[in-house]
Amino acid sequence: MKKLIIFIFFNLFFLDLHALELKGKFYQGNLIIGNTKPGSQVFIDKKKIKISSEGFFVFGLSKDRKNDITIKVVKDKNSKIFIKKIKKKIYKTQRIDKLPKKQVTPPKEFYERIKNDNKLIGEARSINSDLSFFNNKFQVPLKNSIITGVYGSQRILNGIPKSPHYGLDFAANEGTKIKAMLDGVVTLSEKNLYYTGGTIIFDHGHGISTLYMHLKDIYVKKGQNIKQGDIIGTVGKTGRSTGAHLDIRLNWFDVKLDPASVLDIN
Ligand SMILES: [Zn+2]
């Protein structure tokens, strides 16, 4: 009898240890939020990731991910592995012609500048802070705007196939006010990057960042704390842009995710 009670007790305890809740759909490009017992260790594909004091963690699925993803939860030397299949997304092909030639293939004299821009963006995206804003609901950055470009589409610029588009484009008039999609800390605020023009990056915690590009005006500074809905800048056509629009990006470290997966627009 005593053994049986211990057995039941152990099982209940064991199950509780590995209670795992996952929010988000397992599609390519999507962001997934998990919740498990605080104090657990979480590994995604064998890589240990940060878990908040409330037991929340986050990760993303790359655009072309085909292999199943492995989530391992370890607590008090017990471990459990969860394996999830990834569903495919269908991506579009988008042609843009009549771009100035130097915007399609940058002239050599800009290589150094582009390299430096990429370094700044890469550094901002590599921040692994304890913030847990990623766990809140995102809000669209512009009201009543039309989506003119989606994540994953293959771009053919002046007939030359380029790397896929990883952003979500909103058409809007120059000067339209842009609202922060989520609480965050500004980790990059640059007026004039070669490709992205006026650019802001926010850290939302655990490697989740958002980027806003082609801005005309920027109202925030690096290090500033921003609340969801705050006006952070205005729509412009700076950098490589065919016209005034807002392009937003969502990342889990260097993994480029689909911003539409966190906004109610799909
Ligand atoms: Zn775009």
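No experiment lies behind these values; they were computed from the predicted model shown. (Residues numbered from 1 in each chain as written. Predicted model: local features only at pLDDT ≥ 70, side-chain atom pairs only at ≥ 80, totals over all residues. Heavy atoms only, no water.)

K.L.:
Help me out: how do you make sense of the overall build of the protein in this one?
P.N.:
The helix and strand inventory of the protein stands at three helices and 20 strands. Residues classed as buried in the protein amount to 45% of the 266 residues present. Surface exposure of the protein reaches about 14,600 Å², of which carbon and sulfur atoms provide 54%. A distance of 4 Å separates the average location of the 46 positive side-chain charges in the protein from that of its 24 negative side-chain charges. (Helix = DSSP H or I, 4+ residues; strand = E, 2+ residues; numbered from the N terminus. Buried < 20%, exposed > 50% of the residue type's maximum accessible area, 1.4 Å probe, protein only. Areas by Shrake-Rupley, 256 points an atom, 1.4 Å probe, with all protein chains shown as cover. Lys, Arg positive; Asp, Glu negative; His and termini not counted. Charge placed at Lys NZ, Arg CZ, Asp CG, Glu CD.)

K.L.:
It is not clear to me how the coordination of the zinc ion should be interpreted in this structure. Could you clarify?
P.N.:
Octahedral metals with six donors have ideal donor angles of 90 or 180 degrees. Tetrahedral metals with four donors have an ideal donor angle of 109.5 degrees. Those protein atoms acting as donors to the zinc ion are His165 (NE2), Asp169 (OD), Asp169 (OD) and Asp247 (OD), and they sit at 2.0 to 2.7 Å. Between the four donor atoms coordinating the zinc ion, the angles at the centre fall across 52 to 154 degrees, so the site counts as irregular. Mapping the donors of the zinc ion onto the primary sequence gives the spacing H-x3-D-x77-D. Linking aspartate 169 in strand E12 (residues 168-171) with aspartate 247 in strand E19 (residues 245-252), this pair joins segments that are 78 residues apart in sequence. (Donors = N, O, S within 2.8 Å, 3.2 Å for Na, K, Ca; no water. Tetrahedral: all angles 85-135°; square planar, octahedral: opposite > 155°, others 65-115°.)

K.L.:
Which parts of the structure should I look at to understand the sheet that holds strand E4 (residues 47-49)?
P.N.:
Backbone hydrogen bonds are what pair the strands of a sheet, in a parallel or an antiparallel way. In spatial order, the strands read E4-E3-E6-E7; together these four strands make up an open sheet with antiparallel pairing. Each edge of the open sheet is held by one strand with a lone partner, namely E4 and strand E7 (78-84). Pairwise comparison of adjacent strand axes, ignoring direction, gives a mean angle of 25 degrees for this sheet. In the sheet, strand E6 (residues 69-75) pairs with E7 via seven bridges, with the strands oriented antiparallel. Considered in E7, the bridge of lysine 75 is made with asparagine 78. (Pairing = 2+ DSSP bridges. Axes fitted to C-alpha atoms, helices over the stretch in contact; angles between N-to-C directions.)

K.L.:
Honestly, the layout of surface pockets in this entry has me stumped. Any pointers?
P.N.:
A probe as big as a water molecule, rolled over the atoms, marks out the empty space that is left. Each pocket or cavity is described by its volume, and for the largest pocket that value is around 870 Å³. As for the largest pocket, its lining consists of 38 residues, of which His165, Tyr195, Met213, Arg240 and Arg249 are closest to the centre. For the lining of the largest pocket, the secondary-structure elements that each account for two or more residues are strand E8 (93-96), helix H3 (111-125), strand E10 (154-157), E12, strand E16 (208-215) and E19. In terms of residue class, the lining of the largest pocket is made up of 17 nonpolar, 12 polar and nine charged. Around the second largest pocket sit 20 residues that line it, and Gly24, Leu31, Ser261, Val262 and Leu263 are the ones nearest its centre. (1 Å grid on protein atoms, 1.4 Å probe; cavity = no way out; pocket = protein on both sides within 12 Å on 5 of 7 lines; lining within 4 Å. Points joined across faces, edges and corners; volume = space filled by probe spheres on them. Nonpolar A, V, L, I, M, F, W, Y, C, P; charged D, E, K, R; others polar.)

K.L.:
What am I meant to see in the sheet that holds E10 here?
P.N.:
Here three strands make up an open sheet; going across it, the order is E8-E10-E11 and the pairing mixed. Because the sheet does not close on itself, it has two edges, and the strands there are E8 and strand E11 (160-161). Two strands pair when backbone bridges link them, and E10 and E11 are joined in this way by two bridges, in the antiparallel orientation. Each residue of the ladder has a partner; that of leucine 157, found in E11, is isoleucine 160.

K.L.:
Sorry, what's going on with the pairing of strand E5 (residues 56-60) here?
P.N.:
Each regular strand carries side chains that alternate between the two faces of the sheet. Extensive coverage of E5 is indicated by the burial of four of its five residues. Sheet topology places strand E2 (residues 31-35) next to E5; five bridges connect them, and they run antiparallel. In the sheet register, leucine 31 faces E5, and the bridge partner there is glycine 60.

K.L.:
Can you walk me through the packing of aromatic side chains in this structure?
P.N.:
Aromatic ring pairs are defined here through the distance separating the ring centres and the angle between the ring planes. Summed over all chains, the structure comprises nine aromatic pairs. Here the aromatic rings of phenylalanine 26 and phenylalanine 59 are separated by 6.4 Å at their centres, their planes lie at 50 degrees, and the arrangement is tilted. Separated by 33 residues along the polypeptide, phenylalanine 26 in the loop between strand E1 (21-23) and E2 and phenylalanine 59 in strand E5 bring together distant segments of the chain. Taking the relative accessible area as the measure of exposure, phenylalanine 26 reaches 11% and is therefore buried. Looking at phenylalanine 59, the relative accessible area reads 0%, which means it is buried. Above the ring of tyrosine 91, the side-chain terminus of lysine 63 is found at 4.9 Å from the ring centroid. The ring of phenylalanine 43 is capped by lysine 72, whose NZ or CZ atom sits 5.4 Å from the centre of that ring. (Phe/Tyr/Trp six-rings, centres within 6.5 Å; stacked < 30°, edge-to-face > 60°. Lys NZ or Arg CZ within 6 Å of the ring centre and 35° of its normal.)

K.L.:
Sorry, what's going on with the nonpolar core here?
P.N.:
Inside soluble globular proteins, nonpolar side chains tend to come together where they are buried. Core analysis: the largest hydrophobic core is formed by 47 residues, its most contacted members being Phe59, Tyr212, Ile232 and Leu246. Considering every element that reaches this core, the biggest residue donor is E19, with four residues. Once residues within four sequence positions are removed from consideration, phenylalanine 59 is found in contact with Phe26, Asn30, Leu31, Ile32, Ile44, Ile69, Ile71 and Trp252. Counting seven residues, the second-largest nonpolar core is a separate cluster that includes Ala124, Leu188, Ile201 and Leu211. (Core = buried A, V, L, I, M, F, W, Y, C linked by side-chain atoms within 4.5 Å. Contact = heavy atoms within 4.5 Å.)

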